[in-house]
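Breakdown of the fold
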Amino acid sequence: MVENILSPAKVHYHPRAVAEILEEGHTLPVHFQIGLTNYCNHDCPWCSGRDYRGKHPQNIDVDKMRAFLAASSGHVKAVTFAGTGEPTLHPEFAACCAATMPMDLGIITNGAGLWRDSGNVRAVLERARLIRFSMNGATPESYAKYHWTGQLDFEHVIETIGRIVQGRDKTT
């Protein structure tokens, strides 16, 4: 077992990829990070996408993503929704989650988009192997300051995390 995840010894967990590189000179990735949307309900000052977002709002086409992932199956083991915007705000977020089957799914979210949408919470519970909440503040005041959002979002995110933990505990 590799104790340091940054260790070059982790290459031993991917013998097929090593063989492909040796035989063909390249290999396909085992993980994709996909930005479902560039829309966001927060305005974090460090976000690399914040200037672009307002000028060119867009969502990924679910059918194209599904076709892309289907063509990648067999090589890609996991997908993470993160990046250019808040993934849970994609209008077809639950369908995006379902499209990742049978790959593992990770989601990086600010969590505020899950608060009112029980269908999206259900999709997270059914599909996500990992969910990481961006909590850049320990109080409603500091959270609002760092995320450039309202203080109430802090309470909503804490409540959402609790709902997901409860739902997870019921299914495991």
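Please refer to the structure placed before this passage.
This write-up is about the structure you can find in this document. (Residues numbered from 1 in each chain as written. Predicted model: local features only at pLDDT ≥ 70, side-chain atom pairs only at ≥ 80, totals over all residues. Heavy atoms only, no water.)

Ranked by size, the top nonpolar core spans 26 residues in total, and within it Ile-34, Met-65, Val-79, Phe-81 and Phe-93 carry the most contacts. Top element by residues in this core is helix α4 (residues 93-99). It accounts for four residues. What Val-79 contacts, discounting residues up to four positions off in sequence, is His-31, Phe-32, Ile-34, Leu-69, Thr-100, Met-103, Asp-104, Leu-105 and Gly-106. (Core = buried A, V, L, I, M, F, W, Y, C linked by side-chain atoms within 4.5 Å. Buried < 20%, exposed > 50% of the residue type's maximum accessible area, 1.4 Å probe, protein only. Helix = DSSP H or I, 4+ residues; strand = E, 2+ residues; numbered from the N terminus. Contact = heavy atoms within 4.5 Å.)

A separate point is the pairing of strand β2 (residues 78-81). Two strands pair when backbone bridges link them, and strand β1 (residues 31-34) and β2 are joined in this way by four bridges, in the parallel orientation. Across the sheet, the residue bridging to Phe-32 is Val-79, located in β2. Two strands pair when backbone bridges link them, and β2 and strand β3 (residues 104-109) are joined in this way by four bridges, in the parallel orientation. Residue pairing for β3: Ala-78 is matched across the bridge by Asp-104. (Pairing = 2+ DSSP bridges.)

The subject of this paragraph is the state of the cysteines. Disulfide: a covalent bond formed between the sulfur atoms of two cysteine residues. Using the criterion set out here, one finds zero disulfides in the structure. Between Cys-96, a cysteine without a disulfide, and Cys-97, which holds the nearest cysteine sulfur, the sulfur-to-sulfur distance is 7.0 Å. For Cys-97, a relative accessible area of 0% translates into the label buried. (Disulfide = S-S within 2.5 Å.)

This next bit is on the side chain of Ser-72. With respect to the secondary-structure elements, Ser-72 resides in helix α3 (residues 62-72). Note on Ser-72: relative accessible area 10%, which makes it buried. Filtering out sequence-adjacent residues up to four positions away, Ser-72 remains in contact with Phe-32 and Met-103.

Moving on, we get to unusual backbone geometry. In this model, Met-101 is joined to Pro-102 through a cis peptide bond whose omega is 5°. Mapped onto the secondary structure, Pro-102 falls in the loop between α4 and β3. Positive phi, close to 50°, is recorded for Trp-148, a residue that is not glycine.

Right, let's talk about the pattern of salt bridges for a bit. Where charged atoms of side chains with opposite charge meet at close range, the side chains can pair. Overall, the coordinates contain three salt bridges when judged by the stated rule. Taking the shortest distance from any N to any O, the salt bridge between Arg-66 and Asp-63 comes out at 2.8 Å. Taken together, the residues Arg-66 and Asp-63, both in helix α3 and three residues apart, mark about one turn of the helix. For Arg-66, a relative accessible area of 35% gives the class partly exposed. Judged by relative accessible area, which is 53%, Asp-63 ranks as exposed. For Arg-129, the salt bridge identified is with Asp-104, shortest N-O distance 3.4 Å. Here Asp-104 lies in strand β3 and Arg-129 lies in strand β4 (residues 128-133), a separation of 25 residues in the sequence. We classify Asp-104 as partly exposed; its relative accessible area is 32%. (Salt bridge = Lys/Arg side-chain N within 4 Å of Asp/Glu carboxyl O.)

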